[in-house]
Amino acid sequence: MQSSGLGALVRLVIARDLRLAARHWDQVMQPLIFFAIITTLFPLAISPALDELRRIAPGVVWVAAMLASLLALESLFRPDVEDGTMEQWVLSGQPLSILLLAKVVTHWLLTGLPLVLMSPLVGTALGMPQSVWPVLMATLALGTGSLSMLGGVGAALTVSVRRGSVLLALLVLPLEMPVLIFGARAVDLAMHSEAVAGPLNLLAAVLLFFLSLGPFAMAAAMRVSVES
Amino acid sequence: MHAEPQLDVRAVHLWRGERHLLRGTSFVLNGGELLQVVGPNGVGKTSLLRCVAGLLPTESGEIVWRGKQLHECRDDYYQSLAYLAHINALKPDLTALENLQYSVALRRPVTHPELRETFARLRIAPCADLPARSLSAGQKRRVAIGRILLTRAALWILDEPITNLDSAGIALFEECMADHLGQGGMILTAAHQLLLQGRQGVRTLELH
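Remember, predicted model here, so these are calculated numbers, not experimental data. Throughout this document, residue positions are counted from 1 along each chain, in the order its sequence is written. Written order decides the labels, with chains lettered from A and ligands numbered from 1. Selection of residues for local features in this predicted model requires a pLDDT of at least 70, selection of side-chain atom pairs for listing and counting requires 80 or more, and totals for whole chains, interfaces and linings are taken over all residues.

## A look at the overall build of chain B
Then, number 1: Only DSSP runs of H or I covering at least 4 residues are called helices, and only runs of E covering at least 2 are called strands; the numbering of each starts at the N terminus. A count of helices and strands for chain B gives 6 helices and 9 strands.
Then, number 2: Against the compact-globule benchmark of 17 Å for 208 residues, chain B has a radius of gyration of 17 Å, which places it among compact chains.
Then, number 3: Once the C-alpha set of chain B is aligned to its principal axes, its extents read approximately 45 × 35 × 35 Å.
Then, number 4: Contacts in chain B between residues at least 24 apart in sequence constitute 69% of all its contacts with a sequence separation of at least 6. Radius of gyration here is computed from C-alpha atoms only, and the compact-globule reference equals 2.2 Å multiplied by the residue count raised to the power 0.38. Contact between two residues is assigned whenever their backbone-derived C-beta positions fall within 7 Å.

## Thoughts on the sheet that holds strand E7 (residues 155-159) of chain B
All names here are of chain B.
Then, number 1: The pairing criterion for strands is at least two bridges between them, as found by DSSP. The 5 strands are arranged E6-E7-E8-E3-E9 in an open sheet whose pairing can be described as parallel. Both outer strands of the open sheet, strand E6 (81-84) and strand E9 (202-206), are each paired with one neighbouring strand and no more. The sheet shows a mean angle of 15° between the axes of neighbouring strands, taken without regard to direction.
Then, number 2: Pairing of E6 with E7 involves 4 bridges; the strand directions are parallel. Its bridge partner being in E7, Leu84 is matched across the sheet by Leu158.
Then, number 3: In this analysis an axis means a line fitted to C-alpha atoms, helices contributing only their contacting stretch, and an angle means the value between N-to-C directions, from 0 to 180 degrees. Helix H1 (residues 45-52) rests against strand E3 (34-38), E7 and strand E8 (186-190) of the sheet, and its axis sits at about 150° to E8.

## Some words on unusual backbone geometry
Then, number 1: Phi is positive for Arg163 of chain A, which is not a glycine, with a value near 50°.
Then, number 2: Position of Arg163 of chain A relative to the elements: it lies in the loop between helix H6 (133-158) and helix H7 (165-191).
Then, number 3: Classification of Arg163 of chain A by C-beta neighbours within 10 Å gives exposed; the count is 8.
Then, number 4: Here Ala89 of chain B, not a glycine, exhibits a phi torsion of approximately 55°, which is positive.
Then, number 5: Within the secondary structure, Ala89 of chain B sits in the loop between E6 and helix H3 (96-105). Think of it as a crowd count around each C-beta: if 20 or more other C-beta atoms lie within 10 Å the residue is buried, if 12 or fewer it is exposed, and in between it is partly exposed, with C-beta placed from the backbone throughout.

## Looking at the packing of H6 of chain A against H7 of chain A
All names here are of chain A.
Then, number 1: Between H6 and H7, whose axes approach to 9 Å, the crossing angle comes to 170°. Put simply, H6 runs roughly antiparallel to H7. Contacts between H6 and H7 involve Val135, Leu136, Thr139, Gly143, Ser146, Leu147, Leu150, Gly151, Gly154, Ala155, Leu157 and Thr158 on the former and, on the latter, Leu167, Leu168, Leu171, Val172, Leu175, Glu176, Val179, Gly183, Ala186, Val187 and Ala190.
Then, number 2: Under the scheme applied here, ten amino acids are nonpolar (Ala, Val, Leu, Ile, Met, Phe, Trp, Tyr, Cys and Pro), four are charged (Asp, Glu, Lys and Arg), and all others, including Gly, are polar. The residue makeup of the contact of H6 with H7, split by class, is 15 nonpolar, 7 polar and 1 charged. Each angle is binned into one of four classes, with values under 35 degrees roughly parallel, values over 145 roughly antiparallel, values of 65 to 115 roughly perpendicular, and all other values oblique.

## Re the nonpolar core
Then, number 1: The term nonpolar core refers to a set of buried Ala, Val, Leu, Ile, Met, Phe, Trp, Tyr and Cys residues connected through C-beta atoms within 7 Å. Within the largest apolar cluster, 132 residues are counted, with the highest numbers of intra-cluster contacts made by Ala65, Leu100, Ala156 and Met222 of chain A together with Leu81 and Ile157 of chain B.
Then, number 2: The leading source of residues in this core is helix H3 (residues 50-82) of chain A, at 13 residues.
Then, number 3: Excluding its chain neighbours within four sequence positions, the residues that come into contact with Ala156 of chain A are Phe77, Leu100, Met218, Ala221, Met222 and Ser225 of chain A.

## As for helix H4 (residues 112-121) of chain B
Residues and elements named next belong to chain B.
Then, number 1: Along H4, the positions that sit buried rather than exposed are Leu115, Thr118 and Phe119. Take H4 and look down its axis: the buried residues cluster within an arc of 100°, on one side only. The exposed set on the far side of H4, more than 90 degrees from its buried face, consists of Pro113 and Ala120.
Then, number 2: Check the buried side of H4 and you find it contacts H3 and helix H5 (137-151).
Then, number 3: Positive backbone phi, approximately 60°, marks Arg123, located one or two places after H4. Read the arc as the range of directions from the helix axis to the C-beta atoms.

## What about the packing of helix H5 (residues 96-125) of chain A against helix H8 (residues 197-226) of chain A?
Residues and elements named next belong to chain A.
Then, number 1: For the pair H5 and H8, interaxial distance at closest approach is 8 Å and the crossing angle is 105°. Classified by the angle between their axes, H5 and H8 sit roughly perpendicular to one another. Residues Leu96, Ser97, Ile98, Leu100 and Leu101 of H5 lie in contact with H8, whose contacting residues are Pro215, Phe216, Met218, Ala219, Met222 and Arg223.
Then, number 2: Among the residues making up the contact of H5 with H8, the classes are represented as 9 nonpolar, 1 polar and 1 charged.

## Focus: the sheet that holds strand E5 (residues 68-69) of chain B
All names here are of chain B.
Then, number 1: With antiparallel pairing, 4 strands are arranged side by side in an open sheet as E2-E1-E4-E5. Either end of the sheet is taken by a strand with one partner, and the two such strands are strand E2 (19-29) and E5.
Then, number 2: In terms of strand pairing, strand E4 (residues 60-65) meets E5 through 2 bridges, oriented antiparallel. Paired with Val64 across the bridge in E5 is Gln69.
Then, number 3: Where H1 meets the sheet, it contacts strand E1 (7-16), E2 and E4, and its direction lies at approximately 125° from that of E1.

## A closer look at H5 of chain B
Then, number 1: Every helix has an expected span of 1.5 Å times one less than the residues it contains. Helix length check: H5 of chain B, at 15 residues, gives a terminal C-alpha distance of 22 Å against a target of 21 Å (1.5 Å per residue), a fit within 8%.
Then, number 2: Phi for Arg152 of chain B, located one or two positions after H5 of chain B, is positive at around 55°.

This is the structure we're talking about:
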């Protein structure tokens, strides 16, 4: 019913998902720990020499962020679909695209935002100078948003496939490459004290594109997944 | 009788893989009527209910709600529909009360006293603040029925609603159904045990 406006609807879904997350913190933490571990593996495997690490740091942080966000995607829609909640959402008469967008926003708050906040620490461990932090955080903020939206579409498509996580990775990772390229490039440029506006603008444009079309694609994919 | 039936299902055909499940199923449903779909396991009762709820696309045939094709008035239709599936759509980590609060608030604003009242009516008031994971199967079913009651929809589609309910629960649920029918509501159920037998406006539809 339109009596409860769209804003109220979004708040309702976000409040519900945050409350659910608060009740199983262990699962929410997993992608973050994964992110921290992957980035620590590189100094161990390659070399502890800061010069060498500094050269690969942007790429390492970005690939780790991508994999961590992929890891978290599996639990984005699956529990709701399996326990019948999603069916009720489809039948609620409310715009499914808005409901799913709210879910993705919460997902980003729980998995993307902590990555952004953790990144200076991880960057420092890889020898990034402090001057790069703002750029690193900005690219990750824009980029993880895109990854969440794109991942949401993939998760909605594969949610009815049993053991669909590998399929999800195969589907989503190639499409995420532009985000990776622009994100890592911007950080790299910042480390050489060059202008980063170009790749940052492109990242923002990609995010806007996914934000505008993603909800509709997710809703359509979810309907197909539920109606079977 | 109304001039035009509220829900009119005409010659619905459905294939599931190689099986021709629904072969021209038709029925009408008007205010105050209960239609119970009966038949052996696997005959397509759940599929029929999912078709009528718009969760399964039909091969051919029409589903007409208040004079309009289902695909033309989906949002309208869903706002007058409450659907109870096999699974209860409860989050194990939320309390029973939170579960109902979030699912009902999606459709209409709902207050805590109203929720508590429904819990009391279904005789599960002490369960309201327990996490859903700790409830028994019958209690979970009652919570799910509470959602149907709170939705205040005109049409209820219930897939084996009395699964896991004890005899007191079944009697209570029959009371709720009778109330709903008395207020001009409609109910479509799949059931192995016939409910409200002998009441006016209660029919069965047998699938073969």
